[in-house]
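Spelled out, the chains give:
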Amino acid sequence: MSSITAEPYRQKRNSITWLYFLLPSVLIMLIFFIYPVFLTFFYSFTNLALTGESAKELKFVGIDNYIHMFKDPTVRISIWNTLIFLFGSAVIGQQVLGFVIALLMKHKNKLFRRVIGTIVLAGWVTPEIVCALCLYSFFGDEGTLNSGLAFFGIPTVTWLFTMPMLTIILANIWHGTAFSMLVFQAALDDVPSEVEEAAVVDGASRWQVLTRIILPYIKESFVTNMMLVTLQTLGVFGLIYAMTGGGPGTSTTTLPIFMYNQAFVNYQLGYGTAISLLLLLIGVVLSLFYIRSLK
């Protein structure tokens, strides 16, 4: 009888014990995520600034920052540039190239995979600013690419001026493709070889094996990788800022670049935080879309 009475007490005690273990994680989330997001949300409705009259007294301005943001033509340009950069370097570049490299390395010997993997990983482990300087030297007017073109008698191109968006897309692809490659390598290794061999015996071509067996088998890895790469690409700042500074003009001004310019160049922190929330909203919408795709 006593054991029956003590059972609810044990369950309650176990629940409290689990809460103790979760408490540090909850506190970390509150301090380093929830609290900064709350402050950002609050400051986006104020005139917070580093200089000028607004810096003397913090005032609540309502939705003035958001009205100004949606009337600002540079915001629309920044959103468009962000989507182009995202689609070119994440959806097309890193996702497709990472899968192709992983597929080509499938069933290869360990030495081949180790050598190719190390070459691809070199771009990923390189710090973003170092990667930007390397690609700046490559695409510069007197850089490696133009030197190679001149050697073969081909007219040189001012890549960073005439094709700035293409240069930062290629730079981000080189910098981040290794992550997608590793994700797809792990996914492809889980595809049962017996299923592929049975399909080949039944007369399936390589294309049919790829489209009807491999791709459906790893579709969840595609969606998960796409979500992670998208969120990472939305926050790319140092690479673009070091290579083009958002120029020429506003041709490579993405939302992170525009947010930085408003907050730390023009010192309008309230307006800058409103732009950061727009960037956060885009990330949330795309994440929800990917999560729904998983279902």
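For every chain, the first residue of the written sequence is number 1, and numbering continues from 1 along that sequence. Confidence filtering applies because this is a predicted model: local features only for residues at pLDDT of at least 70, side-chain atom pairs given and counted only at 80 or more, and all residues used for totals across whole chains, interfaces and linings. Side-chain metrics rest on all non-hydrogen atoms present in the structure, leaving aside hydrogens and water.

(A) Examining the state of the cysteines more closely. In this description, the term disulfide denotes a pair of cysteine sulfurs within 2.5 Å. Per the counting criterion, the structure on display carries 0 disulfides. Of all cysteine sulfurs, the one in C134 lies closest to C131, which takes part in no disulfide; the gap is 6.7 Å.

(B) Quick peek at the packing of aromatic side chains. In this analysis, rings of Phe, Tyr and Trp, with Trp reduced to its six-membered ring, are considered paired at centre separations within 6.5 Å, and the interplanar angle assigns stacked below 30 degrees, edge-to-face beyond 60, and tilted for intermediate values. Enumeration according to the criterion identifies 17 aromatic pairs in this entry. Taken together, a centroid distance of 5.5 Å and an interplanar angle of 55° make the contact between F42 and Y43 tilted. Looking at F42, the relative accessible area reads 36%, which means it is partly exposed. Taking the relative accessible area as the measure of exposure, Y43 reaches 25% and is therefore partly exposed. By the ring-pair criterion, three or more aromatic residues cluster together here, those being F41, F45, F60 and Y66. Any residue under 20% of the maximum accessible area for its type is buried, any over 50% is exposed, and the rest in between are partly exposed; the area is computed with a 1.4 Å probe on protein chains only.

(C) Region of the structure containing the pattern of salt bridges. Between Lys or Arg on one side and Asp or Glu on the other, a salt bridge is scored when a side-chain nitrogen of the former is within 4 Å of a carboxyl oxygen of the latter. The final tally for this structure, using the stated rule, is 1 salt bridge. One salt bridge in this structure joins K106 and E196, with 3.5 Å as the shortest N-O distance. Pair noted here: K106 is in the loop between α3 (73–105) and α4 (110–125) and E196 is in helix α9 (residues 193–201), with a separation of 90 residues, a long-range link. Among the residues examined, K106 registers a relative accessible area of 9% and is labelled buried. Each helix is a run of DSSP H or I of at least 4 residues and each strand a run of E of at least 2, with the numbering of both proceeding from the N terminus.

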